[in-house]
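# Analysis of the macromolecular model
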Amino acid sequence: RQLGPWFWAPALTAFVTPPFFKFLVGPSTPNYRADGQLGGLVVEKCRFLQESGCKGLCVHQCKLPAQRFFAEDLGLQLTVSPNFETQECQWSFGEEPLPVAEDLSMPAGCLSGCPSRVALTEAKACNSCS
């Protein structure tokens, strides 16, 4: 009985994903994971992050659901590592993700220019005037 994915699953997933992934997040290219193994994929400019401009949406609507989907439904661990400054995103198939609370790459608070942050600030200002 096969336990876990086959050894070539991360590399194959990184190779076949870009054509099917482009419409959702933008152009991507296979690369190496942090451990030097095949199975990485870099999204050059994440369309989702560019359009939302919101770290919370990125984390809770893309990063965590994608990691959960690949682990629970496909049986393949995935680490999604967004770069909030460059808007690149590294997908590492076959790597177990850190819990969000332990992930040092996650900036604290909102990103500058986040539309949700602006809306909350305006709402607080409006409520204090009434």
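Report on the accompanying structure. For clarity, every value in this text was computed on a predicted model and none was experimentally measured.

### Examining the pattern of salt bridges
- Summed over the entire model, instances satisfying the criterion amount to 3 salt bridges.
- For the salt bridge of glutamate 95 with arginine 33, the shortest nitrogen-to-oxygen distance reads 4.0 Å. Separated by 62 residues along the polypeptide, glutamate 95 in the loop between strand S4 (89-93) and helix H4 (115-129) and arginine 33 in the loop between strand S1 (28-32) and strand S2 (38-43) bring together distant segments of the chain. Both residues of the pair, glutamate 95 and arginine 33, count as buried.
- As a salt-bridge pair, lysine 63 and aspartate 103 come within 3.4 Å of each other at their nearest N and O atoms. Of this pair, lysine 63 sits in helix H3 (residues 55-72) while aspartate 103 is found in the loop between S4 and H4, placing the two residues 40 residues apart along the sequence. A single burial state applies to lysine 63 and to aspartate 103, both of which are buried.

### A closer look at the side chain of lysine 63
- For lysine 63, a relative accessible area of 1% gives the class buried.
- In this structure, lysine 63 is in contact with Cys58, Val80, Pro82, Asp103 and Met106, ignoring residues within four places of it in sequence.

### Comments concerning the pairing of S1
- Where S1 and S2 come together, 5 bridges link them in antiparallel fashion. Looking at S2, one finds that serine 28 is bridged to valine 43.
- Counted along the chain from S1 to the antiparallel partner S2, the turn is 5 residues long, and its residue glycine 36 has a positive phi close to 85 degrees.

### Quick word on the nonpolar core
- Within the largest apolar cluster, 22 residues are counted, with the highest numbers of intra-cluster contacts made by Val43, Leu78, Trp91 and Phe93.
- Elements with a minimum of two residues in this core: helix H1 (9-25), S2, H3, strand S3 (78-82) and S4.
- With 6 residues, H3 is the largest single contributor of residues to this core.
- Here phenylalanine 93 is in contact with Pro10, Thr13, Ala14, Thr17, Arg33, Gly39, Leu41, Phe70, Leu76, Gln77 and Leu78, once residues within four sequence places are set aside.

Conventions we followed
Residues numbered from 1 in each chain as written. Predicted model: local features only at pLDDT ≥ 70, side-chain atom pairs only at ≥ 80, totals over all residues. Heavy atoms only, no water. Salt bridge = Lys/Arg side-chain N within 4 Å of Asp/Glu carboxyl O. Helix = DSSP H or I, 4+ residues; strand = E, 2+ residues; numbered from the N terminus. Buried < 20%, exposed > 50% of the residue type's maximum accessible area, 1.4 Å probe, protein only. Contact = heavy atoms within 4.5 Å. Pairing = 2+ DSSP bridges. Core = buried A, V, L, I, M, F, W, Y, C linked by side-chain atoms within 4.5 Å.

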